[in-house]
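# Architecture at a glance
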Amino acid sequence: MKIERIEAIPYSIPYTHPLRFASGEVLAAEHVLIRIHTDEGLVGVADTPPRPYTYGETQASIIAVVRDIFGPQLTGLDPLDRGKAQAIMARTIHNDTAKGAVDIALWDLIGTSLGTPVHKLLGGYADGMRVSHMLGFKPAQELLEEAQRFSEQYGITTFKLKTGRRPLSLDVEAVHVLREGLGDNVEIYLDANRGWTANEAMEVLRRTDGLGLTALEEPCDASEAMGRRRLVEQSPIPITGDESVPTPGDVSRELLSGGCNAICIKTARSGFTQATEILGLCTGLGVDVTMGNQIDTQIGSLATVTFGAAHEASQRRAGELSNFLDMADDLLAEPLTIRDGVIRVREAPGVGAEIDEDKLARYRQDA
Ligand code: MUC
Ligand code: MG
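Residues numbered from 1 in each chain as written. Chains lettered and ligands numbered in written order. Predicted model: local features only at pLDDT ≥ 70, side-chain atom pairs only at ≥ 80, totals over all residues. Heavy atoms only, no water.

- If you check an unreviewed UniProt entry, the protein appears there as Mandelate racemase/muconate lactonizing enzyme family protein from Sinomonas puerhi.
- UniProt, in the comment section headed Sequence similarities (unreviewed entry), describes the protein in these words: "Belongs to the mandelate racemase/muconate lactonizing enzyme family."
- Entered under Cofactor (unreviewed entry) in the UniProt record, the comment concerning the protein runs "Mg(2+)". (UniProt positions renumbered as here; feature names shortened; annotations may be inferred.)

### Some points on the overall build of the protein
- Looking only at helices and strands, one finds 14 helices and 12 strands in the protein.
- For the protein, the spread of C-alpha atoms along the three principal axes comes to 60 × 40 × 35 Å.
- For the protein, the residues scored as buried account for 60% of the 367 residues in total.
- Accessible surface, the protein as shown: approximately 14,000 Å² in total, 49% of it carbon and sulfur.
- The average position of the 36 basic charges and that of the 53 acidic charges among the side chains of the protein differ by 2 Å. (Helix = DSSP H or I, 4+ residues; strand = E, 2+ residues; numbered from the N terminus. Buried < 20%, exposed > 50% of the residue type's maximum accessible area, 1.4 Å probe, protein only. Areas by Shrake-Rupley, 256 points an atom, 1.4 Å probe, with all protein chains shown as cover. Lys, Arg positive; Asp, Glu negative; His and termini not counted. Charge placed at Lys NZ, Arg CZ, Asp CG, Glu CD.)

### Focus on helix α10 (residues 248-256)
- Along α10, the residues classified as buried are Pro248, Asp250, Val251, Glu254 and Leu255. The buried side chains of α10 occupy one side of the element, clustering within an arc of 155° when seen end-on.
- Looking at the packing, one finds that the buried side of α10 touches β9 (262-265) and α11 (267-285).
- Among the residues trailing α10, glycine 258 stands out with phi positive, at a value near 80°. (Arc of directions from axis to C-beta. Contact = heavy atoms within 4.5 Å.)

### A short note on the UniProt feature "domain: Mandelate racemase/muconate lactonizing enzyme C-terminal" (unreviewed entry) in the protein
- If you check UniProt for "domain: Mandelate racemase/muconate lactonizing enzyme C-terminal" (unreviewed entry), the listed places come out as residues 140-238 in our numbering.
- Span residues 140-238 is 49% helix and 12% strand, its end C-alpha atoms 24 Å apart.

### Some details on the nonpolar core
- Counting 112 residues, the largest nonpolar core has Leu74 and Ile263 as the members making the most contacts within it.
- Tallying contributions element by element places strand β1 (residues 3-21) first for this core, with 9 residues.
- In this structure, isoleucine 263 is in contact with Thr240, Gly241, Val245, Val251, Leu255, Ile278, Cys282, Val287, Asp288, Val289 and Thr290, ignoring residues within four places of it in sequence. (Core = buried A, V, L, I, M, F, W, Y, C linked by side-chain atoms within 4.5 Å.)

### Focus on the sheet that holds β1
- Ordered by their spatial adjacency, 3 strands build an open sheet running β1-β2-β3, and the pairing between neighbours is antiparallel. Across the chains shown, the open sheet's two edge strands, defined by having one partner strand only, are β1 and β3 (43-48). For this sheet, the mean angle separating the axes of adjacent strands, direction not counted, is 15°.
- Two strands pair when backbone bridges link them, and strand β2 (residues 24-38) and β3 are joined in this way by 6 bridges, in the antiparallel orientation. Counted as the bridge partner of valine 32 is threonine 48 from β3.
- Docked against the sheet, helix α2 (residues 59-74) engages β1, β2 and β3, running at close to 160° with respect to β1. (Pairing = 2+ DSSP bridges. Axes fitted to C-alpha atoms, helices over the stretch in contact; angles between N-to-C directions.)

### So, the site of ligand 1
- Around ligand 1, a shell composed of 13 residues is seen, among which Thr54, Lys160, Lys162, Asn193 and Gln294 lie nearest.
- One of the side-chain N or O atoms of asparagine 193 is found 2.9 Å from an oxygen atom in ligand 1.
- Considering ligand 1 on its own, with 280 Å² of exposed area, one finds that the protein chains cover 100% of that surface.
- Residue classes in the shell around ligand 1 are distributed as 3 nonpolar, 4 polar and 6 charged. (Near = heavy atom within 4 Å. Polar contact = N/O pair within 3.5 Å; in protein donor to acceptor, adjacent residues only side chain to side chain. Nonpolar A, V, L, I, M, F, W, Y, C, P; charged D, E, K, R; others polar.)

### Remarks on unusual backbone geometry
- Note that the residue after arginine 166, namely proline 167, is joined by a cis bond; omega there is 0°.
- A positive phi angle, close to 55°, is found at asparagine 95, a residue other than glycine.
- Relative to the helices and strands, asparagine 95 resides in the loop between α3 (82-90) and α4 (96-114).
- A positive phi angle, close to 40°, is found at asparagine 193, a residue other than glycine.
- Relative to the helices and strands, asparagine 193 is located in the loop between β6 (187-191) and α8 (198-207).
- For asparagine 193, a relative accessible area of 7% puts it in the buried group.

Written as structure tokens, this is what we have:
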């Protein structure tokens, strides 16, 4: 089997309400659908979320790197030769989500050609993951109402609160209101998307002490190495690396230099191949991982649960899998469902992301 061509299709689906966080905001899913076609008529699918404020990629840059570089370089390759594909893509630096999507689409082809679900090829540990819901910037009372609604409607009991606002009292108040309103049995952790300095993050930790927070993600810029290291040493809760650790090399550097002591894995930027390497590093070192959200569509969330459920260590903590619920529509033919706080993997061969062609025709921007 050989790769015949790779499509990079821009599309736009509106959000019902915006998601805001310290490094940016999302009003519509302006993503790129990757489809890898083989000479045997099989198609591998993956979704690419451009996040300029995180990786510098845009819809246009993703299309260009796939059309002008990866497409020509990968055409003719056997999709099962993932190692070769990784080496070829490594010649182009950065472009993390473009590489991640190509890798996931290759895995989709591998599973489809073998007639096997990819979650089984990756490890087959569990058939689903508990869901963590990400709460964007809102007044404290509205955050509580959203969390209560997700708890009642979907059985979700883990929440990641977007923080990194100034004055710090906005986020400190939100944590107090959530803990008081949700009770002690709900997990709450924070993600500041580099919005604070290390000293501000320490002040927030002091002012939320005793409220049972379980982690603080990217509190400040990891490249401000001394402040970050001091924070990691003094924090009573794990400091999670997210946008500072897209590759296995970044994970090694940040863990060894003391820039973080927990890791967020995102399949959107690491694919399944590099996510596997990152997970191996973390389990070997005794470092907790969380399956993160790149503000993913249902296709992206299905990829996350496919990887996350496949290994014991990646399904231990709830995965961030619910933000597609903020979208007005999606391209997945059979919608994802969250029941009793859990999303299940698909038993179809491949990743199981069958595309609704009518919807793609409606939302694609290149037609
Ligand atoms: C997250 O965990 O940071 C916000 C920006 C981004 O790149 O991902 C989201 C969620
Ligand atoms: Mg994050």
